[in-house]
Amino acid sequence: MQKTSVRKVYEDEIKPDRADEAIIQAGEILKKGGLVAFPTETVYGLGANALSADAAAKIYAAKGRPSDNPLIVHICCFEDIHAIVANVPRQARLLADAFWPGPLTMILQKSKIVPYETTGGMDTVAVRMPANRIALALIREGGGYIAAPSANTSGRPSPTEADHVYEDLNGKIPLILDGGEVGIGIESTIIDLTEQVPTILRPGFITQKMLSDVIGEVQTDPGMLAQDAKIKPKAPGMKYRHYAPRAEMILVEGTQEQVVKKISQLAEEMTAAGRQVGIIGTKETAGQYKQGVVFSIGSRQEEEEIAHNLYRILRSLDASGVDIIYAESFETPQIGQAIRNRLLKAAGHQVMQVK
């Protein structure tokens with residue numbers, strides 16, 4: 001087991017013409033084939049040299065990640081995409097102009113310099129430019145191409161602060177750059193531009209409407225929000241259980257009144273049976289639950305707050321020691337699709353409909 005150092009870095013102190021000492025150290029680790037955890041605007045990433053097969057393999061080993069689950073290559077300048085992509089379509093330039101730096105990942109045909117260890121054995125490569133100055137500075141210092149999935153043990157809730165990374169990866173990586181709590185709190189939208197019709201493979205902060213406003217028709221992968229776990233999404237990584245707390249989790253859907261009544265009933269029954277119950281409610285409903293460990297994920301009127309708090313609350317429920325979790329569902333108008341997708345995966349597609 002190696003020693004894991006944590007170094008504080010302040011995003012507002014990052015200068016374009018002068019690299020922070022901690023980022024210089026992190027860049028050297030990456031250049032030598034090592035791993036570094038770092039903040040982005042979505043979640044913390046676990047970075048390695050994207051053009052090194054050996055370095056990419058270290059990510060899979062540290063996370064316990066299936067080797068057919070592709071890594072996202074992070075860049076700091078749009079022009080850098082040409083080295084790792086065989087053909088850059090006009091749609092990619094339009095989307096980059098609209099949303100980069102930002103929480104959008106594009107899937108394109110890879111060039112020969114990108115090893116299959118980075119792409120999960122696929123002939124396509126996922127690329128994004130993060131909107132975080134720490135991340136961008138690290139990419140520059142580390143050689144320009146950083147492969148980085150979320151910096152957590154595979155399957156667990158994604159990390160939104162450095163403490164989450166340390167909890168999962170202490171002793172497995174040499175360095176964590178602590179940039180504080182992230183802003184968005186859920187992973188980037190993934191759009192596949194190799195399809196005849198551009199296809200969203202993972203929903204995120206950038207919505208289908210936002211994308212279609214820029215490039216025209218955009219479709220969603222039908223497996224993305226399917227409640228049946230047997231309906232597999234097209235993205236290789238999305239077939240696995242993700243974002244999951246240690247406890248069993250059930251997503252309860254229906255009207256707000258029906259959901260509160262059903263969860264309250266289930267919590268009472270489980271508590272009477274000696275189970276430790278966790279509940280994910282909202283500011284509007286949390287006070288109505290009389291049993292269990294109750295967390296408010298935010299207001300239903302503030303969907304970005306719900307996304308921001310989601311993984312932190314799942315980890316807090318783990319820490320509380322509950323063995324079953326009931327979560328309200330969230331059909332918010334903008335990024336509700338992304339929130340529901342994460343909850344479905346966290347619950348292992350266990351959904352209870354109440355009428």
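Scope of this entry: the structure provided in the associated data block. Quick caveat: nothing in here was measured; it's all calculated off a predicted structure. (Residues numbered from 1 in each chain as written. Predicted model: local features only at pLDDT ≥ 70, side-chain atom pairs only at ≥ 80, totals over all residues. Heavy atoms only, no water.)

The next point concerns the overall build of the chain. If you tally the helices and strands in the chain, you get 11 helices and 16 strands. Taken over the C-alpha trace, the chain has a radius of gyration of 20 Å; the compact-globule value for 355 residues is 20 Å, and the two agree within 12%. Projected onto its principal axes, the C-alpha positions of the chain cover 60 × 50 × 35 Å. Each of the 355 residues in the chain was classed as buried or not, and the buried ones make up 57%. Long-range pairs, those at least 24 residues apart, make up 69% of the contacts in the chain with a sequence separation of at least 6. Accessible surface for the chain amounts to roughly 14600 Å². Of this, 48% is attributable to carbon and sulfur atoms. (Helix = DSSP H or I, 4+ residues; strand = E, 2+ residues; numbered from the N terminus. Rg over C-alpha atoms; globule rule 2.2 N^0.38 Å. Buried < 20%, exposed > 50% of the residue type's maximum accessible area, 1.4 Å probe, protein only. Contact = heavy atoms within 4.5 Å. Areas by Shrake-Rupley, 256 points an atom, 1.4 Å probe, with all protein chains shown as cover.)

All right, on to the state of the cysteines then. Evaluation of the coordinates by the stated rule reveals 0 disulfides. Cysteine C76 remains unbridged, with the sulfur of C77 as its closest cysteine sulfur at 6.3 Å. Owing to a relative accessible area of 17%, C76 belongs among the buried residues under this scheme. When its relative accessible area of 32% is taken as the criterion, C77 is described as partly exposed. (Disulfide = S-S within 2.5 Å.)

What follows concerns the nonpolar core. Core analysis: the biggest nonpolar cluster contains 66 residues, and W100 and L177 have the highest contact counts within it. Considering every element that reaches this core, the biggest residue donor is helix α6 (residues 133–141), with 6 residues. In this view, W100 contacts I75, F78, I81, L95, M106, V127, R128 and M129; residues no more than four positions away in its chain are not counted. The next biggest cluster of nonpolar side chains, apart from the first, holds 27 residues, and it includes V43, M249, Y311 and A327. (Core = buried A, V, L, I, M, F, W, Y, C linked by side-chain atoms within 4.5 Å.)

A separate point is the layout of surface pockets. By rolling a water-sized probe across the atoms, one finds the places where empty space is left. The computed volume of the second largest pocket comes to approximately 170 Å³. Lining the second largest pocket are 14 residues; nearest its centre among them are T207, Q208, K209, Q334 and Q337. Sorting the residues of the lining of the second largest pocket by element identifies α8 (208–215) and α11 (336–346) as the ones contributing at least two each. Top element by residues in the lining of the second largest pocket is α8. It accounts for 3 residues. (1 Å grid on protein atoms, 1.4 Å probe; cavity = no way out; pocket = protein on both sides within 12 Å on 5 of 7 lines; lining within 4 Å. Points joined across faces, edges and corners; volume = space filled by probe spheres on them.)

Turning our eyes to something else, we now look at the pattern of salt bridges. Per the stated rule, a full pass over the model turns up 18 salt bridges. Note that R128 is salt-bridged to E41, the shortest N-O span being 2.8 Å. Here E41 lies in the loop between β2 (36–38) and β3 (45–49) and R128 lies in strand β6 (residues 124–128), a separation of 87 residues in the sequence. E41 matches R128 in its accessibility class, with the two residues each being buried. Between R156 and E167 there is a salt bridge whose closest N-O contact spans 3.2 Å. Linking R156 in the loop between β7 (146–147) and α7 (162–169) with E167 in helix α7, this pair joins segments that are 11 residues apart in sequence. Accessibility expressed as a relative area gives 44% for E167, which makes it partly exposed. Among the charged side chains, a salt-bridge network with shared partners connects R156, E167, D168, R246, R315 and D318. (Salt bridge = Lys/Arg side-chain N within 4 Å of Asp/Glu carboxyl O.)

This paragraph deals with the environment of T153. Position of T153 among the secondary structure elements: in the loop between β7 and α7. Assessed through its relative accessible area of 24%, T153 is described here as partly exposed. Taking the C-alpha atoms as reference points, T153 and F78, 75 residues apart in sequence, are found 30 Å from one another. Those residues in contact with T153, other than ones at most four positions away along the chain, are K63, D168 and L169.

Helix-helix packing is described using two parameters, namely the angle between the two axes and the distance between the axes. Taken N-terminus to C-terminus, the directions of helix α10 (residues 303–320) and α11 make an angle of 15°; their axes are 10 Å apart at the nearest point. Between α10 and α11, the interaxial angle falls into the category roughly parallel. Crossing geometry of α10 relative to α11 is assigned as left-handed. Along its contact with α10, which presents E303, I306, A307, L310, Y311 and L314, the element α11 presents G336, I339, R342, L343 and A346. Class assignment of the residues belonging to the contact of α10 with α11 gives a composition of 8 nonpolar, 1 polar and 2 charged. (Axes fitted to C-alpha atoms, helices over the stretch in contact; angles between N-to-C directions. Parallel < 35°, antiparallel > 145°, perpendicular 65-115°, else oblique. Left-handed = near helix turned anticlockwise from the far one by under 90°. Nonpolar A, V, L, I, M, F, W, Y, C, P; charged D, E, K, R; others polar.)

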